Amino acid sequence: MSPESMYPWILAVVVISLMLAPVVWMLPSPRQKQLTRLRAHALQLGVRPELRKPPQELAHLVGSQVMRYVLERNDLSPRLRNKLLRWVILRRIDENNSNGFSTTQAHLLSSELELMLADLPETVMMIELIGGSARIYWREQGTEATVDTLAQTMQTLLEAQLITV
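As the structure is a computational prediction, the values presented were derived from the model and not from experiment. (Residues numbered from 1 in each chain as written. Predicted model: local features only at pLDDT ≥ 70, side-chain atom pairs only at ≥ 80, totals over all residues. Heavy atoms only, no water.)

Caption draft 1: The sheet that holds strand S3 (residues 87-91), seen in detail. With antiparallel pairing, six strands are arranged side by side in an open sheet as S1-S2-S6-S5-S3-S4. Each end of this open sheet is capped by a strand with a single partner; those strands are strand S1 (48-52) and strand S4 (101-103). Put simply, the sheet's adjacent strands are angled 20° from each other on average, direction ignored. In this structure, S3 lies alongside strand S5 (residues 124-130), joined through four bridges in antiparallel fashion. Looking at S5, one finds that Trp87 is bridged to Leu129. (Pairing = 2+ DSSP bridges. Helix = DSSP H or I, 4+ residues; strand = E, 2+ residues; numbered from the N terminus. Axes fitted to C-alpha atoms, helices over the stretch in contact; angles between N-to-C directions.)

Caption draft 2: A look at the pattern of salt bridges. Inspection of the entire model under this criterion finds eight salt bridges. Salt-bridge contacts for Arg52 lead to Glu50; the nearest nitrogen and oxygen are separated by 3.3 Å. Residue classification places Glu50 among the buried residues on the basis of a relative accessible area of 10%. Here Glu50 makes a salt bridge to Arg68, at a shortest N to O gap of 2.7 Å. (Salt bridge = Lys/Arg side-chain N within 4 Å of Asp/Glu carboxyl O. Buried < 20%, exposed > 50% of the residue type's maximum accessible area, 1.4 Å probe, protein only.)

Caption draft 3: Broad picture of the packing of aromatic side chains. With the rule as written, the count across this model stands at one aromatic pair. Between Tyr69 and Trp138, the ring centres sit 5.4 Å apart and the planes meet at 85°, which makes this aromatic pair edge-to-face. Here Tyr69, found in strand S2 (residues 66-72), pairs with Trp138, found in strand S6 (residues 133-138); they are 69 residues apart in sequence, far enough to count as distant. Across the pair, Trp138 and Tyr69 agree in class, each one buried. (Phe/Tyr/Trp six-rings, centres within 6.5 Å; stacked < 30°, edge-to-face > 60°.)

Set out below in structure tokens:
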């Protein structure tokens with residue numbers, strides 16, 4: 001084959017490659033597929049994933065936005081919601097705290113809750129309980145089993161919060 005007869009084939013390959021490149025570029029990456037699975041599983045459990053501005057306790061650790069998973073209690077009256085204290089459970093950076101978390105309401109944590117917090121993945125940065133909802137701020141690294149653990153933790157903490165009222 002002469003070089004002149006190869007030009008149409010080379011041109012055809014280049015044109016087809018240029019046509020397919022945007023389609024391939026739009027396919028989700030493995031990480032994007034994993035995040036989609038995690039978020040879909042969270043929704044099945046009644047947990048709502050949200051991308052939000054970080055609370056002031058996390059602002060110095062993360063960028064302008066952070067992922068949080070929210071579990072709401074819909075069975076509380078507005079009066080009871082207003083009586084609930086705000087709990088913030090923040091992952092500690094230092095190694096002196098055995099469970100790795102500090103909280104604004106330490107006197108309300110039972111030993112069972114402390115053990116539960118100790119079992120949370122390292123990707124959990126903060127837990128916030130406010131007005132009948134639990135919010136976990138985390139880096140979304142893990143499996144569906146991790147999301148199950150987070151949902152159970154939020155449910156348990158919401159129940160513990162009600163006991164204090």
